[in-house]
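Residue-level structure breakdown
The chain contents come next:
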Amino acid sequence: KSKKGLFALASLLVVLISLFLVSSRKSLPASRPGEEAEILAARVEARVGKDGWDQLAAISFYFVPGGRAHFADSKRGFVEVAFAQSSNQFLVQYARDGRGVVYKNRKRLEGQEASDAIQQAVKFHINDMYWLNPFVQMRSPGAVRKITEDGDLMVHYPEGGITPGDTYVIHTGTDGLPD
């Protein structure tokens, strides 16, 4: 009886928390696509140095929230991602064509386990690169840029990437620098 009661209470709490989260979400502001949005997007890109970013031959960074280390060689189309899952350490090196090499606890993996680790590393890399500098990703294929009634830039990613459907509102100063 007590297990059923605890399960029922836990289920009720999950439902209540879910309802609270859904009801507390802010709706997106009214917006419209067009030249004004494209001009603001270009101003943001200029302020964050997108031209310089696009010319980088390689980049290395550590994504703290996920505990992942990245190295990306854009000239050769090569990426390396190091990450941990459970008590396992993974080192995944892959190329644009999807081929790669995977090490789990310093032992090379083959087959489906290696393929799964490459897919996971690709997802991690796409996500972490986005958050490293989201302002240079505003023209990703399929991204829709709009201007809000308050003059902010809204970028919607209806498809592609790791989390299709995401929308971000970017508030900028008059000089285009994102706040």
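The structure under discussion appears in the preceding block.
Residues numbered from 1 in each chain as written. Predicted model: local features only at pLDDT ≥ 70, side-chain atom pairs only at ≥ 80, totals over all residues. Heavy atoms only, no water.

On to the packing of aromatic side chains. In this description, a pair of aromatic rings is defined by centroid distance and the angle of the planes. Counting across every chain of the model gives 8 aromatic pairs. Centre to centre, the rings of Y130 and W131 are 4.9 Å apart; their planes meet at 85 degrees, and the pair counts as edge-to-face. W131 gets classed as partly exposed once you look at its relative accessible area, which sits at 41%. The interplanar angle of 85 degrees and the centroid separation of 5.5 Å between the aromatic rings of W131 and Y168 together place this pair among those described as edge-to-face. Here W131, found in helix α4 (residues 111–132), pairs with Y168, found in strand β10 (residues 166–170); they are 37 residues apart in sequence, far enough to count as distant. Using a relative accessible area of 23% as the deciding quantity, one classes Y168 as partly exposed. Within the aromatic cluster, the residues linked to one another by ring pairs are Y130, W131, Y157 and Y168. (Phe/Tyr/Trp six-rings, centres within 6.5 Å; stacked < 30°, edge-to-face > 60°. Buried < 20%, exposed > 50% of the residue type's maximum accessible area, 1.4 Å probe, protein only. Helix = DSSP H or I, 4+ residues; strand = E, 2+ residues; numbered from the N terminus.)

Along the chain, P178 falls in the segment after β10. The spatial distance from the C-alpha of P178 to the C-alpha of L153 is 9.6 Å, given a sequence separation of 25 residues.

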